[in-house]
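One-letter residues, chain by chain:
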Amino acid sequence: MNYELEKAGISPLTNKAIDTVELSQILLPTCESFKLNDLAKSLNIKHTNPHQADSDAIVTAKLLMKLQRKARQLPFETLKLLSELGKGLTRETGGFF
């Protein structure tokens, strides 16, 4: 997104971000695919208009909420370790733990 913003002469975004693909790979390692539509199907999230910005944003939010619930089920020591290992993840994804 920042690439396109800069191309248009607009300042890049500087807000914090979490990569739901990385989180899914960590918390749902047995999924066959980490594409948004595939994750939605595997988690029973209705995705009526794939590749449409508003639909993708809503599904991503629902995915994040399911990942949060999954993470809350992990033992504290596991979360502590993931937090330490998460320092090398994209953007602020490691801070999720």
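All values derive from a computational prediction rather than experimental measurement.

### Side note on the overall build of the chain
When helices and strands are tallied, the chain shows five helices and zero strands. For the chain, the N- to C-terminal ordering of α and β elements is α-α-α-α-α. Over its C-alpha atoms, taken along the principal directions, the chain stretches across nearly 45 × 30 × 20 Å. The 97 residues of the chain split such that 27% are buried. Put simply, 49% of the contacts in the chain that link residues at least 6 apart link residues at least 24 apart. Of the roughly 7,000 Å² that the chain leaves accessible, carbon and sulfur atoms contribute 55%.

### Here's the deal with the side chain of threonine 93
Turning to its location among the elements, threonine 93 is positioned in the segment after helix 5 (76-85). Looking at threonine 93, its side chain comes within polar contact range of the main-chain oxygen of threonine 90, at 2.7 Å. The contacts of threonine 93, once residues within four sequence positions are left out, are Ala17, Ile18, Asp19, Glu22 and Leu23.

### A few points about helix 4 (residues 53-72)
Taking 1.5 Å per residue, 20 residues should reach 28 Å; helix 4 reaches 28 Å between its end C-alpha atoms and fits that length. Among all positions of helix 4, only Ser55, Asp56, Val59, Leu63, Leu67 and Ala71 are buried. Burial along helix 4 is one-sided: seen end-on, the buried residues are contained in an arc of 140°. Turning to helix 4, the residues buried within the fold contact helix 2 (20-27), helix 3 (36-42) and helix 5.

### Overview of the packing of aromatic side chains
Overall, the coordinates contain one aromatic pair when judged by the stated rule. Plain terms: the ring middles of phenylalanine 96 and phenylalanine 97 are 5.2 Å apart, the flat faces sit at 90° to each other, and that makes the pair edge-to-face. Phenylalanine 97 matches phenylalanine 96 in its accessibility class, with the two residues each being buried.

### Description of the nonpolar core
With 16 residues, the main nonpolar core has Leu27, Leu28, Ile45, Leu63, Leu67, Phe96 and Phe97 as its most contacted residues. Take this core: its biggest share by element is four residues, from helix 4. Every residue in contact with phenylalanine 97, bar those within four places of it in the chain, is listed here: Leu23, Ile26, Leu27, Leu79, Leu82 and Ser83.

### Topic: the side chain of glutamate 22
With respect to the element layout, glutamate 22 can be found in helix 2. Of the buried charged residues, glutamate 22 lacks a salt bridge, with arginine 91 as the closest side chain of opposite charge at 9.7 Å. Look past the residues within four positions of glutamate 22 in its chain and what remains in contact with it is Leu89, Thr90 and Thr93.

Rules used throughout
Residues numbered from 1 in each chain as written. Predicted model: local features only at pLDDT ≥ 70, side-chain atom pairs only at ≥ 80, totals over all residues. Heavy atoms only, no water. Helix = DSSP H or I, 4+ residues; strand = E, 2+ residues; numbered from the N terminus. Buried < 20%, exposed > 50% of the residue type's maximum accessible area, 1.4 Å probe, protein only. Contact = heavy atoms within 4.5 Å. Areas by Shrake-Rupley, 256 points an atom, 1.4 Å probe, with all protein chains shown as cover. Polar contact = N/O pair within 3.5 Å; in protein donor to acceptor, adjacent residues only side chain to side chain. Expected span 1.5 Å × (residues − 1). Arc of directions from axis to C-beta. Phe/Tyr/Trp six-rings, centres within 6.5 Å; stacked < 30°, edge-to-face > 60°. Core = buried A, V, L, I, M, F, W, Y, C linked by side-chain atoms within 4.5 Å. Lys, Arg positive; Asp, Glu negative; His and termini not counted. Salt bridge = Lys/Arg side-chain N within 4 Å of Asp/Glu carboxyl O.

On their own, these measurements won't tell you what the molecule is for.
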